[in-house]
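Here is what each chain is made of, one letter per residue.
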Amino acid sequence: MKYNFNEIEAKWQKYWSENQTFKAENNSDKPKFYALDMFPYPSGAGLHVGHPLGYIASDIYARYKRHKGFNVLHPMGYDSFGLPAEQYAIQTGQHPAVTTETNINRYREQLDKIGFSFDWSREVRTSNPDFYKWTQWIFIQLFNSWYDKSEEKAKDVTVLIEAFQKNGNNGIVAVCDEDTPAFTAAEWNGFTTAEKESILLKYRLTYLADTEVNWCPALGTVLANDEIVNGVSERGGYPVVRKKMTQWSMRIAAYAERLLQGLTQVDWPEPLKDIQRNWIGKSVGAQVRFKLMDHDAEIPVFTTRPDTIFGVSFMTLAPEHELVGKITTEAQKEAVAAYVEATAKRSERERMADVKTISGVFTGAFAEHPFTKEPIPVWIGDYVLAGYGTGAVMAVPCGDQRDFDFAKHFELPIPNIFKDTDITEQAFADKENTVIDNSDFLNGLDYKKATAKAIAELESIGQGAGKINYRLRDAVFSRQRYWGEPFPVYYVNGMPKMIEKEHLPIILPEVEKYLPTETGEPPLGNARVWAWDTNENKVVSNEMIDNETVFPLELNTMPGWAGSSWYFNRYMDAGNDSEFVAQRALEYWKDVDLYIGGSEHATGHLLYSRFWQKFLFDKGLVPVEEFAKKLINQGMILGTSAFVYRLENTNTFVSKGLIEGRSVQPIHADVSMVNASDELDVEAFRNWRPEYSDAEFQLEGGKYIVGREVEKMSKSKYNVVSPDDICKEYGADTLRMYEMFLGPLEQAKPWNTAGITGVYSFLKKLWKLYHNGDDFEVSDAKPSSESLKSLHKTIRKVEEDIDNFSFNTSVSTFMICVNELTAQKCNSRAILEPLAVLISPYAPHIAEELWQLLGHNESIATAPFPVFEAKYLVESTKTYPISFNGKMRFTLDLPADMGKEEIEKIVLEHEKTQAQLEGRAPKKVIVVPGKIVNVVG
RNA sequence: GCUCGAGUGGCGGAAUUGGUAGACGCGCUGGAUUCAAAAUCCAGUUCUUUCGGGAGUGUGGGUUCGAUUCCCACCUCGAGUACCA
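The rules behind each value
- Residues numbered from 1 in each chain as written.
- Chains lettered and ligands numbered in written order.
- Predicted model: local features only at pLDDT ≥ 70, side-chain atom pairs only at ≥ 80, totals over all residues.
- Heavy atoms only, no water.
- Helix = DSSP H or I, 4+ residues; strand = E, 2+ residues; numbered from the N terminus.
- Buried < 20%, exposed > 50% of the residue type's maximum accessible area, 1.4 Å probe, protein only.
- Contact = heavy atoms within 4.5 Å.
- Areas by Shrake-Rupley, 256 points an atom, 1.4 Å probe, with all protein chains shown as cover.
- Lys, Arg positive; Asp, Glu negative; His and termini not counted.
- Charge placed at Lys NZ, Arg CZ, Asp CG, Glu CD.
- Phe/Tyr/Trp six-rings, centres within 6.5 Å; stacked < 30°, edge-to-face > 60°.
- Lys NZ or Arg CZ within 6 Å of the ring centre and 35° of its normal.
- Near = heavy atom within 4 Å.
- Polar contact = N/O pair within 3.5 Å; in protein donor to acceptor, adjacent residues only side chain to side chain.
- Pairing = 2+ DSSP bridges.
- Axes fitted to C-alpha atoms, helices over the stretch in contact; angles between N-to-C directions.
- Domains from an automatic or database assignment.
- Parallel < 35°, antiparallel > 145°, perpendicular 65-115°, else oblique.
- Left-handed = near helix turned anticlockwise from the far one by under 90°.
- Nonpolar A, V, L, I, M, F, W, Y, C, P; charged D, E, K, R; others polar.
- Salt bridge = Lys/Arg side-chain N within 4 Å of Asp/Glu carboxyl O.
- Patch = residues over 30% accessible without salt bridge, like charges linked within 9 Å, V, L, I, M, F, W, Y side chains within 5 Å.
- Disulfide = S-S within 2.5 Å.
- Arc of directions from axis to C-beta.

1. A word on the overall build of chain A
1) Next: Counting its regular elements, chain A contains 29 helices and 37 strands.
2) Next: Oriented by its inertia axes, the alpha-carbon framework of chain A measures out at about 100 × 85 × 70 Å.
3) Next: Here chain A holds 937 residues, and the buried ones make up 53% of them.
4) Next: Across chain A, contacts joining residues at least 24 apart in sequence account for 70% of those joining residues at least 6 apart.
5) Next: Surface summary for chain A: the accessible area is close to 42000 Å², and the carbon and sulfur share equals 49%.
6) Next: Each charge class in chain A was averaged separately, 102 positive and 131 negative side chains, and the resulting centres sit 4 Å apart.

So this is what it looks like as structure tokens:
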């Protein structure tokens, strides 16, 4: 019988599905293991060979853990809300739900063919009302919570209200809006309901606020910071402008410190943690309040260098700063207004493009130095960002390069406050070697001491305090799109109200058009049935809105990261209708033991998920604060594009070797038309597109050779390789092993189908080991000691590799093992049976088939993993490398238990040693028993 | 600019705590089998060489009996970030 992978793979995929082989139990005496992949957005293009890389790795690990006796949860689902389906809907009128369903089916088919051990009974789809019901519910929990700084914990808003009733907000240390006023209990109790609501919004963990948002006109929606790359939208590359809008926001900044600290508790790649740390951007310093002269106002600034306070020679406000309008003098009004307007017009991108141009305008106003009482001119400049710190800086030109450049440009004074430094050319920013001078009570102190002293003095005069600042901003949570979770929110007199849990989900309404309305409302503004009836507790027609019992519903939808911020918890108890997850399921599964996915989610999904998890933890809804113990970033699989070279202004194509010195234009050719030797199928190319039908070719050696280049795998580059094609031609087991064989999981690497034959012939060789000619045949004879050695070497190495996620080296190890066993003509059951188990995580189909042929009636999936026994590897001799001055020159077989002195003696007496030394006497001989001999001389 | 990560044959890559550099696979070369091809099998394949050897892991230096591995400086590529006070 030949190795018929098509038949075998179809057979076992059917078997697994029918027998629910990989269904995980929520009740089990076995230890649990939760292996998770970042779930995909089901795009219309389907999967290419790069997508399953991480899934294969986690599948190998999951299968391995089953062999090791674990109860494994290995689920898969779809992040099925998203822009592409909506864009497609706008173009074609096709409902996004329909497109999404089609795409999901396609994905499922592709995934099934690769033989993953997913528990499909737990599949989730974020766009499914059964799922987003709970996304809406979590949103409500956030709305009903505030962050207590004194205990570093989210708490229920009812606790806050009680405190307000008793003591006002004095004594409440909370994360809230900057402009939250102070009030007494009497004042609170005197507020109207609307006033109370508006105050509470300043505390809620999700809140509605006028915020400067990143508005993307082309997409017609706002974007979060992490959705903008280089000043343009991540998706589509459209320009983004700043705009003030009323939006839902998430108070993620409240969790900045815990998000930072939590990183020390998880086993995630260090570079990924670094990205998160940078994004959170903690800086320690002080808040200093500068009194304005001639105004009853103050400018608060944040500085990391309070020690340099005597070096302040001017201040700079962001052009958007609220004080700019108030303090600008008559004489400067015109110049300031012009500058503010010019800045507002400049897009984020332009502003970033020229960071070298120094610009700014004097407001005419002066602040007063807190210690010297000297007047300090107040400027505005766009190098100060409105969104960071207080949107204002105290400029210390002698110690900060930007302040220095600004001062030089506008000829402002640059007083030097550092002892023995030269600041004629540039600022002195070296904290380590700082000695403060010309600074009154700070003179002679170093950076650390001066900072502490400055803060203490500022506190004593009531004009400042130590402060920690974070770069992490609250996250905008509204999107002006159709295909997302609707908010469970309706509005009474402009104040948001939550819909009760019992009435969820609030299902996405039907609309005729997926575009914004004519009045600029989000697409949900097109819905005719989109009002909340507070008597009936259901969604009713807009015509019934009377703002007494029927109210308008929220028109925005939630962003892409809403569903993905908690889906990993849902898998633990996916079908639950009455809870987001049953506590019992949470207690058993707790957290993800292994999470595999791309590092591009570092500042999006992986940060937001940690935030929600911490929130849910605070509320006692989940048992652990970090949802994923270990995380691995799989590297991207790149495509190998093929190029043909067209002579300019002709339809003649020149083979790669002949383009030298000629004026040619490289054009992507579809990689499916090119063979492993880079030869183009000329006929296929002519048939590819009408404009090439009469193409002429200049060949070399009768062949057209294409150029190759490694690029991202994408449709537009015609370098996409589909896993379906590979499965059809070589089988899923080959695909799985080859993807692993390509190189280390975490590294980016190019795909090259040519190399796959090596893995394919390996599987054929493996098959042959169990066969004699066409017949299955294994013997019950005692295995040879060589075979036992080959097997146990392999067990040890493979186990070690899986523990280290070094799957590429395992594949090599299997190859070596099969090569050795073939050479030994081994067909002993005692070797081949454990070998099948060993290989089954990697190549599960062939392993199942061989397992069955070996006489087993049950799936191999839970067969115990072979146990390594060192006794089979004990060697009586050791081949010593004999090196001279560190270079290996020859080897010598010596008894493994031979002592140092004896080895040295034998080596020195050896004729080759004499030849190497050429008569010189050895200065020194290093003998490391069991390792090496090194002769120095 | 700053912060990370990586540089090893024609290619993908391997090398345990510093101890035989190039495992394994592709490709290539030669051979067997075949009418021929595919498939399969065998041998070779870092460079260089006067066939004894010699050199060699981005470059230069250092530590060491011994460095792909550790340290310093530099070069190149990739990723993240973008005036963060």
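2. Description of the packing of aromatic side chains
1) Next: One pass over the full model with this rule turns up 74 aromatic pairs.
2) Next: Summarising the aromatic geometry, the rings of F685 and Y692 are spaced 4.6 Å apart at their centres and angled 15° between planes, so their arrangement reads as stacked.
3) Next: By relative accessible area, Y692 is classed as buried at 3%.
4) Next: The structure contains a cluster of three or more aromatic residues connected by ring pairs, namely F33, Y61, Y64, F70, F805, F807, F814, Y842 and F865.
5) Next: For the cation-ring pair, K65 lies above F70, with the distance from its terminal atom to the ring centre recorded as 4.2 Å.
6) Next: It is R689 that lies over the ring of W688; its NZ or CZ is 4.6 Å from the centre.

3. Topic: the protein's contact with RNA strand B
1) Next: As a structural note, the neighbourhood of RNA strand B is formed by 47 residues, with T304, Y388, R402, L742 and M815 the closest of them.
2) Next: Close to the protein, within 4 Å, the atoms of RNA strand B are drawn from sugar and phosphate at a rate of 62%.
3) Next: Contact between RNA strand B and S812: a base nitrogen at 3.4 Å from a side-chain N or O atom of the residue.
4) Next: One of the side-chain nitrogen or oxygen atoms of N819 is found 3.2 Å away from a phosphate oxygen of RNA strand B.

4. A word on the pairing of strand 11 (residues 282-292)
1) Next: With seven bridges connecting them, strand 11 and strand 17 (residues 464-470) associate as antiparallel partners. Following the sheet pairing, Q287 is matched in strand 17 by A465.
2) Next: Bridging between strand 11 and strand 12 (residues 298-303) involves six bridges; their strand directions are antiparallel. The residue bridging Q287 from the neighbouring strand is F302, located in strand 12.
3) Next: Between strand 11 and the antiparallel strand that follows it, strand 12, lie five residues; D294 among them carries a positive phi value of about 70°.
4) Next: Pairing analysis gives two bridges linking strand 11 to strand 14 (residues 361-368), with the strands arranged antiparallel. The partner of L292 across the bridge, within strand 14, is A367.

5. A look at the sheet that holds strand 22 (residues 538-540)
1) Next: Spatial ordering of the open sheet is given by 22-21-23, a layout of three strands whose pairing is antiparallel. The sheet terminates laterally at strand 22 and strand 23 (550-552), the two strands that pair on one side only. For this sheet the average axis-to-axis angle between neighbouring strands, irrespective of direction, equals 40°.
2) Next: Two elements, strand 21 (residues 531-533) and strand 23, share three bridges in a ladder whose sense is antiparallel. What sits directly across from A531, in strand 23, is P552.

6. Digging into the sheet that holds strand 24 (residues 594-597)
1) Next: One open sheet accounts for four strands, arranged 2-1-24-25; its pairing is parallel. The open sheet has two edge strands with one neighbour each: strand 2 (71-73) and strand 25 (631-633). With direction set aside, neighbouring strand axes in the sheet form an average angle of 15°.
2) Next: Sheet topology note: the strand 1 (residues 32-37)/strand 2 ladder contains three bridges and is parallel.

7. What to know about the domain arrangement of chain A
For an interface, size is often stated in terms of accessible area lost upon the parts coming together.
1) Next: When the domains of chain A are assigned, the result is domain 1 (26-126 + 560-633), domain 2 (139-262 + 475-552), domain 3 (282-470), domain 4 (638-711), domain 5 (731-872) and domain 6 (875-936).
2) Next: Between the C-alpha centres of domain 3 and domain 4 there is a distance of 60 Å.

8. Structural notes on the environment of E485
1) Next: Relative to the assigned elements, E485 resides in the loop between strand 18 (475-476) and strand 19 (489-492).
2) Next: Relative accessible area serves as the criterion here: at 2%, E485 is assigned to the buried category.
3) Next: Sequence separation of E485 and T557 is 72 residues, and the distance between their C-alpha atoms is 5.4 Å.
4) Next: Residues in contact with E485, not counting those within four places in the same chain, are F81, T126, Y132, T135, T557, M558, P559, A562 and G563.

9. Details of the packing of helix 22 (residues 732-741) against helix 23 (residues 756-769)
1) Next: One way to put it is that helix 22 packs onto helix 23 with a least axis distance of 9 Å and a crossing angle of 125°. By the angle between their directions, the pair helix 22 and helix 23 is classed as oblique. The element helix 22 and its partner helix 23 pack so that their crossing is right-handed. From helix 22, D733, T734, M737, Y738 and F741 reach across to helix 23, where they touch I756, V759, Y760, F762 and L763.
2) Next: Residues belonging to the contact of helix 22 with helix 23 are distributed by class as follows: eight nonpolar, one polar and one charged.

10. Thoughts on the pattern of salt bridges
1) Next: Taken as a whole and judged by the stated rule, the model has 43 salt bridges.
2) Next: We note a salt bridge from K629 to D593, for which the minimum N-O separation is 3.2 Å. Here K629, found in the loop between helix 19 (605-618) and strand 25, pairs with D593, found in the loop between helix 18 (583-589) and strand 24; they are 36 residues apart in sequence, far enough to count as distant.
3) Next: On the basis of relative accessible area, D593 is assigned to the buried category, the value being 12%.
4) Next: Among the ionic pairs, K793 bridges to E820, the shortest N-O distance being 3.0 Å. Of this pair, K793 sits in helix 24 (residues 785-803) while E820 is found in helix 25 (residues 807-823), placing the two residues 27 residues apart along the sequence.
5) Next: Taking relative accessible area as the criterion, K793 reaches 33% and is therefore assigned partly exposed.
6) Next: Several salt bridges converge on common partners, so that one network encompasses R258, R610, K614, D618, E625 and E626.

11. Points about unusual backbone geometry
1) Next: In this structure, P505 follows L504 across a cis peptide bond, with omega equal to 0°.
2) Next: Its location among the elements puts P505 in the loop between strand 20 (495-498) and strand 21.
3) Next: Of note, D294 is a non-glycine position whose phi angle comes to about 70°, a positive value.
4) Next: With respect to the helices and strands, the residue D294 is situated in the loop between strand 11 and strand 12.
5) Next: Look at N438: it is not a glycine, yet its phi comes out positive at around 50°.
6) Next: Classification of N438 by relative accessible area gives exposed; the value is 52%.

12. A closer look at a positive patch on the surface
1) Next: Where like charges cluster on the molecular surface, the positive patch consists of K2, K764, K765 and K768.
2) Next: By the secondary structure assignment, K768 is in helix 23.
3) Next: By relative accessible area, K768 is classed as exposed at 60%.

13. Quick notes on a nonpolar patch on the surface
1) Next: A contiguous nonpolar patch, built from I926, V928 and I932 and spanning about 190 Å² of accessible area, is present on the exposed surface.
2) Next: Relative to the assigned elements, I926 resides in strand 36 (residues 924-928).
3) Next: For I926, a relative accessible area of 34% gives the class partly exposed.

14. What about the state of the cysteines?
1) Next: Evaluation of the coordinates by the stated rule reveals zero disulfides.
2) Next: Looking at C826, it has no disulfide partner, and the nearest cysteine sulfur is the one in C817, 8.6 Å off.

15. Some thoughts on helix 14 (residues 401-409)
1) Next: Residues D403, F404, F406 and A407 constitute the buried set of helix 14. Along the axis of helix 14, the buried residues cluster in a sector spanning 165°; they form a single face.
2) Next: Looking one or two residues past helix 14, E411 carries a phi angle of roughly 55°, positive in sign.

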